[in-house]
Amino acid sequence: MTTAAPAKKIPAAPTWDLDSVFPGGSSSEQFKQHRLAVKQSLAATDALVGQLPESIDSANLDSWVKAVLKMQTDMENIELILAFAGCLSSANVKDTEAMSIEAEGDLYYSEWQKIETIIQDKFLKLADEQWRLLVEQAEIKPVAFYLNEVRDLGQRKMSVDKESLALDLAVNGYHAWGRLYDKMSGDLKVQFEEKGQTTPMSLGQLATKMSDPDRSIRKQAFEKMTASWETQEELAAITLNSIAGYRLSLYKNRGWDDFMYEPLHNSRMEQKTLDTMWSVISRETPKLKPFIEAKKKLLGIDKFSWYDEFAPVGKADTQYTFEEAGQFIIDNMKDFSTDMADFVKMALDKRWVEAEDRADKRGGAFCTGMGHHRQSRVFMTYGGSFENLLTLAHELGHAYHGWVLKDSPYYATHYPMNLAETASIFAETLVTDAALAVTEDPQTKLMLLEQKIQSAYVMFCDIHSRYIFERSFYNARKEGVVGASQLRELMVAAQKKAFGPLLDETGYHPLFWCSKLHFYITGAAFYNFPYTFGYLFSGGVYDRAKKEGSAFAEGYRGLLADTGSMTTEDVAKKHLKVDLTEEEFWNNAVARSLSDIDEFVKLAGSL
Ligand SMILES: [Zn+2]
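Residues numbered from 1 in each chain as written. Predicted model: local features only at pLDDT ≥ 70, side-chain atom pairs only at ≥ 80, totals over all residues. Heavy atoms only, no water.

*Asks:* So what about the overall build of the protein chain? Which residues, and what values?
*Replies:* Each helix and strand in the protein chain was counted, giving 26 helices and 5 strands. If you line up the protein chain on its principal axes, its C-alpha atoms span 80 × 60 × 50 Å. Taken over 607 residues, the protein chain has a buried fraction of 54%. Partitioning the intrachain contacts of the protein chain with sequence separation of at least 6 by distance along the chain shows that 76% fall at a separation of at least 24. Total accessible area computed for the protein chain in this model is approximately 26,600 Å², and 51% of it derives from carbon and sulfur atoms. Here the protein chain carries 68 positive and 87 negative side-chain charges, and the mean point of each set is 2 Å from the other. (Helix = DSSP H or I, 4+ residues; strand = E, 2+ residues; numbered from the N terminus. Buried < 20%, exposed > 50% of the residue type's maximum accessible area, 1.4 Å probe, protein only. Contact = heavy atoms within 4.5 Å. Areas by Shrake-Rupley, 256 points an atom, 1.4 Å probe, with all protein chains shown as cover. Lys, Arg positive; Asp, Glu negative; His and termini not counted. Charge placed at Lys NZ, Arg CZ, Asp CG, Glu CD.)

Right, dumping it as structure tokens:
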């Protein structure tokens, strides 16, 4: 690790190589040919699927296998279009050609979905023994898990006609409520006062003020955000009720009594696993109290409020060149897994990372696959801070997950959201701990420890309160429309339960149901527990790696490889030898998350 001075000017971080995938960016001839091939292939697949008989026998088995595999290839090729165009438009927001190619990709995707509806309908009409004959074919077997899942879900849904009508209506009904929310929150502006100046700010800009070291700034940001949502509260309540109402009607028509069926199915996990996780968390959360007390002392405050959550503590001045950051990651992965370290070295050598800090680039960071090339590309803006180094490690963790799955057929590479962050958080934790082990500076140490414990605080309290709120809201919504004042009450009750003694009585956020985007995302219901699950699951895997060292590296690889073709409980049972429905795994994972509290409290007291 470098000990360079804060003012060190670091050289520009590298750009990525996209030309080896398709040379020439959005005007690439090869890319154009690929899109044309996809378009032609979809027409052929449509005809192939349309001609499939509604039963399987030895004479037509081959055409069934061919159709299933062809759909898989088409989807992977469509994903390549979307990923490649997405990389181009992220790296240059002025690349309008790339944006229209993305729209072209969306069109192919919707065509693919239509064909999928037809083949799914045929799946449902097959007798069970015919279905088994199909999924036991050598070429199909590796994706049998995925196909069984598609068929099982189909059997639990309404008829294909009704489902496709519901999909059509959702565009301008259900999803429109989500778009309306985005517009509503995007339009909200406040007048922010700082250093004698008044500046108009969006809620997004205001959010960055919530981590300001000055409490009066944080307080003002929170109060102005709340006041602006108060002006839209009734509209937000209608929106939230409509989204939930749509879901509940759909579930009712499908015969699904439990609103958790869909989110749990999407995460390939059982309610019992989730209940066990939350019950351990509820029991252990009060152990965060000494952390909150120490943080209060450091901040010089006597009541811990919602807006103190992200108040910064300690600081890190060290700057890392991109090369140093990469080397730091490789060096620290090496002891655990040479496979992972070699992968990172290869990804950096082959320029799979777009990191340069420049204008006309989108914000944020992501990692994407490159279709049948079975490579990844990481997008980020690297400025030299430790946070940037962590982002690099996080995204390279995702890339390693993709690499481990590179020999699996496409349908077996789809892992659920709750397992998606396993490899990325693992890499981040490994790097944070490595930095903690070498740093001498108490302020840096304090900052690193605080970041780690703060993650636990967010996962155990904030995210938990969202889950409790949504459960009570959905139960109330079943009985009828839930008014704004009742939504406030449910929200505060959920926060009281999840935060317990950690948050001061005056410090709740009654309008959190308005301000939190996740409640309004129509793409996924209950978009909360997968975060906490993923965080703790990754922690459990990391714990195993710590105990067994490099002996676990192969097991880790195997675990990641199975995330696309097993239930969450089965992945844990096979690779960690643990039962996720039992408390033991969660006890250990939660204890590990809280294990830095003593050191933090001691260090905070000595400064
Ligand atoms: Zn991630």
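Once you've had a look at it, read on.
*Asks:* Residue-level account of the coordination of the zinc ion, with values.
*Replies:* Tetrahedral coordination by four donors sets the ideal angle at the metal to 109.5 degrees; octahedral coordination by six donors sets it to 90 or 180 degrees. The zinc ion binds to the protein through H394 (NE2), H398 (NE2), E421 (OE) and E421 (OE), with metal-donor distances spanning 2.1 to 2.7 Å. Around the zinc ion sit 4 donor atoms, and with donor-metal-donor angles ranging over 51 to 138 degrees the site reads as irregular. Mapping the donors of the zinc ion onto the primary sequence yields the spacing H-x3-H-x22-E. Within this pair, H394 and its partner H398 are both found in helix 16 (residues 386–404), separated by 4 residues, close to a single helical turn. H398 shares its class with H394; the two are buried. (Donors = N, O, S within 2.8 Å, 3.2 Å for Na, K, Ca; no water. Tetrahedral: all angles 85-135°; square planar, octahedral: opposite > 155°, others 65-115°.)

*Asks:* Break down the packing of aromatic side chains for me, citing the residues and quoting the values.
*Replies:* In this structure the tally under the stated criterion is 49 aromatic pairs. With 5.8 Å between their ring centres and 65 degrees between their planes, F336 and Y556 make a pair best called edge-to-face. Of this pair, F336 sits in the loop between helix 14 (322–334) and helix 15 (338–349) while Y556 sits in helix 23 (residues 553–562), and the two are 220 residues apart along the sequence. When the centroid spacing of 5.5 Å and the interplanar angle of 35 degrees are considered together, the rings of F343 and W403 count as tilted. In this pair, F343 sits in helix 15 while W403 sits in helix 16, placing the two residues 60 residues apart along the sequence. By the burial criterion, F343 is buried, and W403 matches it. (Phe/Tyr/Trp six-rings, centres within 6.5 Å; stacked < 30°, edge-to-face > 60°.)

*Asks:* Tell me what's going on with unusual backbone geometry, and back it up with residues and numbers.
*Replies:* A positive phi angle, near 50 degrees, is found at R268, a position not held by glycine. On the secondary structure map, R268 appears in the loop between helix 11 (261–266) and helix 12 (271–284). In the Ramachandran plot, R351 falls in the positive-phi region, its phi being about 60 degrees despite a non-glycine side chain. Of note, R351 is situated in the loop between helix 15 and strand 3 (353–354). With a relative accessible area of 38%, R351 lands in the partly exposed category.

*Asks:* Kindly report on helix 12, identifying the contributing residues and their values.
*Replies:* Here helix 12 contains 14 residues, and its C-alpha end-to-end distance of 20 Å stays within 8% of the 20 Å for a straight helix at 1.5 Å per residue. What helix 12 keeps buried is the set Q271, T273, L274, T276, M277, W278, V280, I281 and E284. In this fold, the buried residues of helix 12 make contact with helix 11, helix 19 (442–479), helix 22 (529–548), helix 24 (568–576) and helix 25 (583–593). (Expected span 1.5 Å × (residues − 1).)

*Asks:* Mind laying out the sheet that holds strand 5 (residues 376–379), listing which residues take part and the relevant values?
*Replies:* What the 3 strands build is an open sheet, ordered 3-5-4; its pairing is mixed. Since the sheet does not close on itself, it has two edges, and those belong to strand 3 and strand 4 (366–369), each with one partner. Sheet topology note: the strand 4/strand 5 ladder contains 4 bridges and is antiparallel. The partner of F366 across the bridge, within strand 5, is F379. Contacts between helix 2 (residues 61–91) and the sheet are confined to strand 4 and strand 5, with strand 4 contributing the most and set at about 150 degrees to the helix. (Pairing = 2+ DSSP bridges. Axes fitted to C-alpha atoms, helices over the stretch in contact; angles between N-to-C directions.)

*Asks:* Before we move on, could you go through a negative patch on the surface and cite the residues and values that matter?
*Replies:* Judged by side-chain charge, E270, D570, D579, E582 and E584 come together as a negatively charged surface patch. Position of E582 relative to the elements: it lies in the loop between helix 24 and helix 25. Look at E582 and you get partly exposed, because its relative accessible area is 42%. (Patch = residues over 30% accessible without salt bridge, like charges linked within 9 Å, V, L, I, M, F, W, Y side chains within 5 Å. Salt bridge = Lys/Arg side-chain N within 4 Å of Asp/Glu carboxyl O.)

*Asks:* Help me get a handle on the confidence of the model for the protein chain, residues and values and all.
*Replies:* Per-chain confidence: the protein chain averages 94 in pLDDT, with 99% of residues scoring 70 or above. As a predicted assembly, this complex carries a pTM of 0.92 together with an ipTM value of 1.00. (pLDDT = per-residue confidence, 0-100.)

*Asks:* Residue-level account of the packing of helix 12 against helix 25, with values.
*Replies:* Running from amino to carboxyl end, helix 12 crosses helix 25 at an angle of 40 degrees, the nearest separation of the two axes being 9 Å. Of the possible angle classes, the one that applies to helix 12 and helix 25 is oblique. Classified by chirality, the crossing of helix 25 by helix 12 is right-handed. In this structure, helix 12 uses T273, T276, M277, S279, V280, I281, R283 and E284 to contact helix 25, whose residues at the interface are E583, W586, N587 and V590. Tallied by class, residues from the contact of helix 12 with helix 25 come to 5 nonpolar, 4 polar and 3 charged. (Parallel < 35°, antiparallel > 145°, perpendicular 65-115°, else oblique. Left-handed = near helix turned anticlockwise from the far one by under 90°. Nonpolar A, V, L, I, M, F, W, Y, C, P; charged D, E, K, R; others polar.)

*Asks:* Residue-level account of the nonpolar core, with values.
*Replies:* Residues W229, L288, F460, F469, W513, F537 and Y556 are the most contacted members of the largest nonpolar core, which totals 152 residues. The element best represented in this core is helix 19, accounting for 18 residues. Those residues in contact with L288 that sit more than four places away from it in its chain are I453, Y457, F460, C461, L502, L594 and I597. In this structure, F22, L48, A98 and V143 belong to the second largest nonpolar core, which totals 49 residues. (Core = buried A, V, L, I, M, F, W, Y, C linked by side-chain atoms within 4.5 Å.)

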